[in-house]
Amino acid sequence: MKYWKKIGHNKLQSRIEEALKENVDFENDTSLGYPASKLDDKVFYSDAPFLKDAPTLKTYVANPNHIGCHTFGSSESAFKGTQEIEREVLQVLAVDFFKMEDEQFDGYIAPGGTEANIQAIWVFRNFYHHKFDAKNSEIAILASDDTHYSIPKASNILSLDLLGIPVKYKDRTIDPIALERIIKEAVANGKKYFIVIANMGTTMFGSVDDPDVYTDLLETMNLDYKLHIDGAYGGFVYPFSNLQSKINFSNPKVSSITIDAHKMLQAPYGTGVYLSRKGLIENVLTKEAEYVEGMDLTLCGSRSGANAIAVYMILFTYGPYGWYEKISVLLMRTNWFCKQLDQMSIPYFRNEHMNIVTIYSSHIPKDIAEKFDLVPEQHNDNNKWYKVVIMDHVEIDSLLELIDALKERLKLG
Ligand SMILES: *Cc1c(COP(=O)(O)O)cnc(C)c1O
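Residues numbered from 1 in each chain as written. Predicted model: local features only at pLDDT ≥ 70, side-chain atom pairs only at ≥ 80, totals over all residues. Heavy atoms only, no water.

## Points about the sheet that holds strand E5 (residues 224-231)
With mixed pairing, the seven strands of this open sheet are ordered in space as E1-E7-E6-E5-E4-E2-E3. At either end of the open sheet lies a strand with only one pairing partner, and these are strand E1 (105-110) and strand E3 (161-165). Between one strand axis and the next, the sheet turns by 20° as a mean value, whatever way the strands run. With respect to the sheet, helix H5 (residues 150-157) is in contact with strand E2 (139-144), E3 and strand E4 (193-199), its orientation differing from that of E3 by roughly 155°. (Pairing = 2+ DSSP bridges. Helix = DSSP H or I, 4+ residues; strand = E, 2+ residues; numbered from the N terminus. Axes fitted to C-alpha atoms, helices over the stretch in contact; angles between N-to-C directions. Contact = heavy atoms within 4.5 Å.)

Structure follows, in structure tokens:
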């Protein structure tokens with residue numbers, strides 16, 4: 001780990017306070033030109049005593065705007081203190097989590113995984129427009145049928161065809177024969193450029209796609225492609241649970257990655273992350289964004305700087321060893337749970353590196369699923385799966401209640 005370490009609370013707090021001091025201070029400075037201020041002080045008291053020890057909340061009240069992208073060119077100078085912290089967060093994620101070389105990345109804290117995925121596809125689409133003068137009809141998105149619905153959204157918004165690739169029912173891996181057939185058909189229909197979305201943890205199964213299945217085939221067929229990793233679900237788990245993982249920037253074929261800090265990292269909602277290699281993000285420059293100092297290379301406009309502070313606080317409060325321990329505990333609970341299911345011969349899918357267990361619905365009575373709030377794959381009569389996500393608050397004792405309920409029912413049946 002180059003940049004990521006554990007830092008004590010007092011030090012973190014003074015780091016954030018320093019950063020806030022470098023930002024424009026709406027309370028004390030004269031700043032006349034921004035349609036912005038600190039949060040309304042009739043409602044959000046800036047002198048509340050608890051704010052003193054709560055750097056993230058203090059930042060919410062100060063309300064810095066991180067509009068634009070701060071890894072490229074210049075940025076809005078009014079908020080340079082906290083923007084620097086955003087850059088530090090991105091550096092830890094790019095270099096320490098995902099094996100990027102120093103200074104070789106761009107990115108930003110997006111409002112969520114959906115935006116980060118749309119941004120990724122937007123960047124690739126415009127790359128193909130600029131480099132090859134490609135038409136939208138010549139570009140296709142390839143993604144497995146277990147892929148998150150933000151990809152169909154991107155396909156719709158960006159006017160690109162999405163080609164869904166079937167997965168095998170039991171192990172949720174991409175069906176290579178279907179993939180080859182679909183790509184051949186696409187080429188016959190005039191597709192020349194492919195945007196591949198590989199999942200590092202699907203939402204329903206936690207299954208992890210092997211990106212080589214896509215890239216090996218596309219290369220043998222001599223086709224042009226760009227590869228994005230959707231790690232919205234698994235990005236804060238998989239790199240620590242599978243230290244051998246090659247699904248990162250050490251693989252030169254990976255161009256960009258999405259990670260959601262508001263899922264496994266337990267940051268506030270509104271905190272996704274988009275990371276890419278240098279040389280790509282400028283494809284989505286909005287030239288008309290003239291009132292923003294520096295260049296706007298992001299899909300959203302204004303966004304809260306407090307979200308970057310929240311991620312900074314979480315990452316540096318734990319440090320790499322603390323985080324590894326936290327993930328290890330979740331995986332131990334998941335192992336325990338799977339063992340109980342095995343003993344009852346209840347079939348399920350689980351990626352050994354993930355904290356999600358997706359159980360055949362045929363073995364879970366509906367009332368039990370509802371009682372324990374298990375999430376179905378489909379909210380209708382065709383549902384075939386229920387998932388259990390082993391989060392921080394899902395302790396063995398609560399898992400045991402579910403196991404006992406299932407055991408009880410098995411006895412009766
Ligand atoms: C949750 C999720 C997303 C979308 O994230 P939001 O933060 O809800 O916008 C994208 N991909 C995967 C795999 C996800 O699990």
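Read on, since the account is not over.
## Notes on the site of the ligand
Around the ligand, 14 residues are found, and the nearest of them are Thr114, Asp230, Asp260, His262 and Lys263. At a separation of 2.9 Å, an oxygen atom of the ligand approaches a polar backbone atom of Gly113. At a separation of 2.6 Å, an oxygen atom of the ligand approaches a polar side-chain atom of His262. The leading source of residues in the shell around the ligand is helix H4 (residues 113-132), at three residues. A class-by-class count of the residues in the shell around the ligand yields two nonpolar, nine polar and three charged. (Near = heavy atom within 4 Å. Polar contact = N/O pair within 3.5 Å; in protein donor to acceptor, adjacent residues only side chain to side chain. Nonpolar A, V, L, I, M, F, W, Y, C, P; charged D, E, K, R; others polar.)

## Overview of the packing of helix H1 (residues 9-22) against helix H3 (residues 80-97)
Running from N to C, H1 and H3 cross one another at 130°; their axes reach a closest spacing of 5 Å. When the axes of H1 and H3 are compared, the pair comes out oblique. Residues Arg15, Ile16, Ala19, Leu20 and Glu22 of H1 form the contact with H3, whose participating residues are Lys80, Gly81, Thr82, Glu84, Ile85 and Glu88. The residue inventory of the contact of H1 with H3, partitioned by class, reads four nonpolar, two polar and five charged. (Parallel < 35°, antiparallel > 145°, perpendicular 65-115°, else oblique.)

## Description of a negative patch on the surface
A cluster of acidic side chains, namely Glu395, Asp397, Glu401 and Asp404, defines a negative patch on the protein surface. Locating Asp404 in the fold gives a position in helix H11 (residues 396-412). (Patch = residues over 30% accessible without salt bridge, like charges linked within 9 Å, V, L, I, M, F, W, Y side chains within 5 Å. Areas by Shrake-Rupley, 256 points an atom, 1.4 Å probe, with all protein chains shown as cover. Salt bridge = Lys/Arg side-chain N within 4 Å of Asp/Glu carboxyl O. Lys, Arg positive; Asp, Glu negative; His and termini not counted. Charge placed at Lys NZ, Arg CZ, Asp CG, Glu CD.)

## Here's the deal with the layout of surface pockets
Approximately 620 Å³ is the volume attributed to the largest pocket. Lining the largest pocket are 22 residues; nearest its centre among them are Asp373, Val389, Met391, His393 and Val394. Counting residues per element, the ones that place at least two in the lining of the largest pocket are strand E11 (385-389) and H11. At four residues, H11 tops the list of elements feeding residues into the lining of the largest pocket. (1 Å grid on protein atoms, 1.4 Å probe; cavity = no way out; pocket = protein on both sides within 12 Å on 5 of 7 lines; lining within 4 Å. Points joined across faces, edges and corners; volume = space filled by probe spheres on them.)

## Quick word on the pairing of strand E7 (residues 272-277)
Across the six residues of E7, five count as buried, placing the element largely inside the fold. For E1 and E7, the ladder comprises six bridges, and the chain directions are antiparallel. Residue pairing for E7: Asp106 is matched across the bridge by Ser276. Bridging between strand E6 (residues 254-260) and E7 involves five bridges; their strand directions are antiparallel. Within the sheet, the bridge partner assigned to Ile259 lies in E7 and is Val273. (Buried < 20%, exposed > 50% of the residue type's maximum accessible area, 1.4 Å probe, protein only.)

## Thoughts on the pattern of salt bridges
If you walk through the whole model with that rule in mind, you get 19 salt bridges. The salt bridge involving Lys191 is made with Asp161; its shortest N-O contact spans 2.8 Å. In this pair, Lys191 is assigned in the loop between helix H6 (176-188) and E4 and Asp161 in strand E3, connecting sequence segments 30 residues apart. Judged by relative accessible area, which is 9%, Lys191 ranks as buried. What makes Asp161 partly exposed here is its relative accessible area of 41%. Between Asp260 and Lys263 there is a salt bridge, with the nearest N and O atoms lying 3.5 Å from each other. For Lys263, a relative accessible area of 24% puts it in the partly exposed group.

## Re the packing of H1 against helix H9 (residues 306-343)
In contact at an axis separation of 11 Å, H1 and H9 are set at 155° when each is read in the N-to-C sense. Considering the angle they form, H1 stands roughly antiparallel to H9. Two packed elements cross with a definite hand, and for H1 against H9 that hand is right-handed. The segment H1 lies against H9, with His9, Leu12, Arg15 and Ile16 engaging Ile309, Tyr312, Met313, Phe316 and Thr317. (Left-handed = near helix turned anticlockwise from the far one by under 90°.)

## Points about the packing of aromatic side chains
Per the counting criterion, the structure on display carries 17 aromatic pairs. Members of the aromatic cluster, connected to one another through ring pairs, are Trp4, Phe97, Phe98, Phe236 and Phe240. The residue whose ring lies beneath Arg172 is Tyr169, and the NZ or CZ to ring-centre distance is 5.6 Å. Here Lys226 stacks its cationic end above the ring of Phe127, 4.5 Å away from the centre of that ring. (Phe/Tyr/Trp six-rings, centres within 6.5 Å; stacked < 30°, edge-to-face > 60°. Lys NZ or Arg CZ within 6 Å of the ring centre and 35° of its normal.)

## What about the domain arrangement of the protein?
When the domains of the protein are assigned, the result is domain 1 (103-282) and domain 2 (320-412). Put simply, the middle of domain 1 and the middle of domain 2, counted by C-alpha atoms, are 28 Å apart. Contacts between domain 1 and domain 2 engage 25 residues on the former and 23 residues on the latter. Taking both sides of the interface into account, the surface hidden between domain 1 and domain 2 amounts to around 2100 Å²; carbon and sulfur atoms contribute 67%. Three residues, Tyr169, Met204 and Phe205, lead the burial of domain 1 against domain 2; their summed loss comes to 31% of the area buried on that side. At the junction of domain 1 and domain 2, the tally comes to six residue pairs in polar contact (both at pLDDT 80 or more). Of the residues assigned to the side of domain 1 that touches domain 2, the class counts are 12 nonpolar, nine polar and four charged. (Domains from an automatic or database assignment. Buried area = accessible area lost by both parts, 1.4 Å probe.)

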